[in-house]
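Structural overview
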Amino acid sequence: MKKFKNLTGLLLFVLLSTQSCKDPKNQKEEEKEETAVTYVKEENKGCLAPSNWFVVDPATGKRKTTAPREDYTSVFGDNTTVSNCDFHQWSWQKFLWLTNDVSGQPLFLEELFQVTSQTVRIPTVNKKIVLTASNKKQATGNILNTNKTFSSNVTSYPVYYSIHVNDSLYNSIWKYAKMKESDYTNATFPVGSLELKIAWVNVDAIPDTTGYFVTDAVVEGKNTKIALLGMHVVGIVYNHPEFVWATFEHHDLAPYYDWKTTTTSDVPVTSKTNKLLFDVNATATLANITLASDSTNVFAVNQFGVPRQAGDTFLSTSQKEPINYDNIAAINASVKEQLNDVWANYFYNGSIWINTEGYNYPTEQAELLVSLGGTLSDPAPGKLPRGSVAAYNITMETYEQLGFAPTSIHGQNVAGMGNCFSCHSASRGSSLNISHIFNGAVDYESKLSVAQTKQKHLDEIKLFIKNMKASKK
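In what follows, the accompanying structure is described. Source: prediction; values computed, not measured.

Examining the overall build of the protein chain
A tally of regular secondary structure across the protein chain gives ten helices and 15 strands. Sequence-distant contacts in the protein chain: of pairs separated by 6 or more residues, those separated by 24 or more amount to 73%. Accessible area of the protein chain: about 20400 Å², with a carbon and sulfur share of 53%.

Put into C-alpha cells, the structure is as follows:
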C-alpha cells in the first residue's frame, strides 16, 4: 500500500503507475484517513503479477525472474505502508526466482543446499536430493501416503520431505548455535535468509508426470526419479524477523471441503476425479485429516489458508477478509495467465506473517516475538497474525489443518486454530527459536541425535495440544 500526500499524487499514480515516496512515520491523522481510501483504490485493481517477472532470457530461451527486493529500500522498509498484496507479490516472485532454469535445473537446486533437521549439510552426488526413511514423517510424526488407484501399478507411495537453505541462513544459524543462549536472546537472522521445505514422491505414484517438476534423487539408498508436490518458501524480509511463511502446491492433489453447505454439521467429502491423494470412490470425514490418522484419502479444508464457516462465509480473525483471499486468488490467476513452463501447474496457497507496525527493527520486533511466546499464532480479532491465518500445505500439514484438537470441521474457531506459528514460536526465549532447524543446530551442539531432536519437537507439540485442550474446558 503506497501513501500519497494529496489527490494530485494519487491521480498521478493512477495515470502513470509511478512509485510514490513514502510518508514519514509521524504522519498526521488526516493523512492516515487518506491512506485508507488509497488502499481501497489500490486493492480494487487487484493484486497482480508484473509482466517483467516473466521476461525470457534471449540467450537461453528460459524465464529469468529477478529476485524480489527485501531490504530497507524495498516495500518492506516502512512497515506502516506495506500492503497485504506486497507480501503475496514477494511470495510469488520468490518462488518464480527459485524456479528459474539454471543449466537445466531450477535455481533452488543449484544455489541452495540440502540439510538435516539439525542444519548439518547432506553430502550429495551431482546435486541429487537425498531422502531416507526418516524423511517420510511430517512434523507431527504422521506419514502421508498416495492413492494407490491413481498409480499405474496400483501401489501406494509415501511422501518424503527435504530441507534446503541458503548461505545466509546457514551461516547465521551456526554463528548463534555455538553461542550461549544469553548471547543471542535479542538476535535476528539477516534479511535474505531463506529456507525451503519440499514434499516429493516417487514418480511411479503418478501415471503422467508431464505436469510435475521431476528430478533425480537417492531414496533410501536407491536412485529414483521424484516429483515435486509442494514447497514452503520461508524468508526474512526487512521488518519481519519472524519470517514470511509462504506455501505452494501442485494444483490437483486433493479435493476441498464444501463450505457452501448451510448446515453446521460436517458433510462427507468425495471427489469427482481420481487424485494423487484421494480415491474417486472414497468418502472422507474429519477422521481422515486428524493426527490419529495416516490416511490415503485426505482433503483440504480452507482454500488459501483462509478459515471459512457454513454458507461459505469468512470466519472473523486477525486478518480482515475478503481482501487477503481476493488478493491471493487474483495473483494466482495473474501468474497462471503469464507463466508457460511446468511451474504453471503449481499454485500459491497463501502466506502468514506478523504485524510489526509500531516496533523498531530489529530489536523491538525481536522482543515482541519473545513476549508473545506460544501465543504468537493467536488469530483472534485484534491480534497480530496477518495473511493466511490458517496456513497449511496439504502435503506437509495434512493432519493439522484444523489445529491440534479438532472435534468437527464446522467447529473450527480462532481459539483452536493452527498455523505455522503454532509450532514455530519464540517461546524458548529468542526469535531465532522460531526456526526449528536453528533449534536442531543447538541440539547438535549439545550432542543430541537427529532422532532426539525430532522427539523434542514432538514433545513440544504434545504439550501444545495438552494446553490447547485444557484452555477449551
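A word on helix α7 (residues 363–372)
Those residues of α7 not exposed but buried are Gln365, Ala366, Leu368 and Leu369. All buried residues of α7 fall inside an arc of 155° around its axis, so they share one side. Each element contacted by the buried residues of α7 is listed here: β11 (240–250) and β14 (346–354). Residue Gly373 follows α7 closely and has a positive phi angle near 50°.

Observations concerning the environment of Asn288
Mapped onto the fold, Asn288 is located in the loop between β11 and β12 (308–309). The sequence separation of Asn288 and Phe299 amounts to eleven residues, and the corresponding C-alpha distance is 8.0 Å. With near-sequence residues (within four places) excluded, Asn288 lies in contact with Ser293, Ser295, Asn297, Val298, Phe299 and Tyr399.

Topic: the packing of aromatic side chains
With the rule as written, the count across this model stands at 25 aromatic pairs. Plain terms: the ring middles of Tyr257 and Trp259 are 5.0 Å apart, the flat faces sit at 70° to each other, and that makes the pair edge-to-face. Here Tyr257 and Trp259 have matching classes, each one buried. When the ring of Phe314 is compared with that of Tyr325, the centres are 5.6 Å apart and the planes differ by 55°; the resulting orientation is tilted.

Structural notes on the state of the cysteines
Tallied over the entire structure, the rule returns one disulfide. Here Cys47 connects covalently by a disulfide to Cys85, the sulfurs 2.1 Å from one another. An S-S torsion of about 90° defines the bridge between Cys47 and Cys85 as right-handed. Note that Cys47 is positioned in the loop between α2 (29–44) and β1 (56–57) and Cys85 in helix α3 (residues 84–98), a separation of 38 residues in sequence. Per residue, the accessibility class of Cys47 equals that of Cys85, and both read buried. This cysteine, Cys420, is not joined by any disulfide, and Cys423 carries the nearest cysteine sulfur, 9.1 Å off.

Points about the packing of α3 against helix α6 (residues 323–338)
Taken N-terminus to C-terminus, the directions of α3 and α6 make an angle of 35°; their axes are 10 Å apart at the nearest point. Handedness of the α3/α6 crossing: right-handed. Taken together, the residues of α6 that come into contact with α3 (itself represented by Asn84, Cys85, His88, Gln89 and Trp92) are Ile323, Asn324, Asn327, Ile328, Ile331, Asn332 and Val335. Looking at the contact of α3 with α6 residue by residue, the class counts come to six nonpolar, six polar and no charged.

Focus on the nonpolar core
Counting 84 residues, the largest nonpolar core has Phe108 and Val233 as its most contacted members. The element best represented in this core is α3, accounting for eight residues. One finds Ala187, Trp245, Leu369 and Ile434 within the second-largest nonpolar core, a separate group that totals 30 residues.

Comments concerning unusual backbone geometry
Here Glu321 and Pro322 are connected by a cis peptide whose omega angle stands at 15°. One can find Pro322 in the loop between β13 (313–314) and α6. Residue Pro362 follows Tyr361 across a cis peptide bond; omega there is 0°. Counting through the fold element by element, Pro362 comes out in the loop between β14 and α7. The phi dihedral of Asn239 is positive, around 75°, even though this residue is not glycine. Mapped onto the elements of the fold, Asn239 is located in the loop between β10 (222–237) and β11. Asn239 sits in the buried class, given a relative accessible area of 2%. Phi angles above zero are rare outside glycine, and Asp312 is one such case at about 60°. Residue placement: Asp312 occurs in the loop between β12 and β13.

The rules behind these values
- By convention here, each chain's residues receive numbers from 1 onward along its written sequence.
- For this predicted model, a pLDDT threshold of at least 70 governs which residues receive local features, and a threshold of 80 or more governs which side-chain atom pairs are given and counted, while totals over whole chains, interfaces and linings are taken from all residues.
- The side-chain values count all of the structure's non-hydrogen atoms but skip hydrogen atoms and water molecules.
- Helix and strand labels come from DSSP, where a helix needs a run of H or I of at least four residues and a strand needs a run of E of at least two; each type is numbered from the N terminus.
- The contact rule is simple, with two residues in contact once any of their heavy atoms fall within 4.5 Å.
- Note on areas: Shrake-Rupley with a 1.4 Å probe; residue coverage comes only from the protein chains shown.
- Categorising residues by exposure relies on relative accessible area from a 1.4 Å probe, with only protein chains included: less than 20% of the type maximum marks a residue as buried, more than 50% marks it as exposed, and the intermediate range marks it as partly exposed.
- Here the arc refers to the directions that run from the helix axis out to each C-beta atom.
- Aromatic rings from Phe, Tyr and Trp, taking only the six-membered ring of Trp, are treated as a pair when their centres fall within 6.5 Å; an angle between ring planes under 30 degrees marks them as stacked, one over 60 as edge-to-face, and anything in between as tilted.
- Criterion for a disulfide: a pair of cysteine sulfur atoms within 2.5 Å.
- Between N-to-C directions, angles span 0 to 180 degrees; the directions come from axes that are lines fitted to C-alpha atoms, helices contributing only their stretch in contact.
- The hand of a helix crossing depends on one turn: near helix anticlockwise from the far one by less than a right angle means left-handed, and clockwise means right-handed.
- The classification used treats Ala, Val, Leu, Ile, Met, Phe, Trp, Tyr, Cys and Pro as nonpolar, Asp, Glu, Lys and Arg as charged, and all other residues, Gly among them, as polar.
- Each nonpolar core is a collection of buried residues, namely Ala, Val, Leu, Ile, Met, Phe, Trp, Tyr and Cys, held together in the definition by side-chain atoms within 4.5 Å.

The analysis is restricted to geometry; functional conclusions fall outside its scope.
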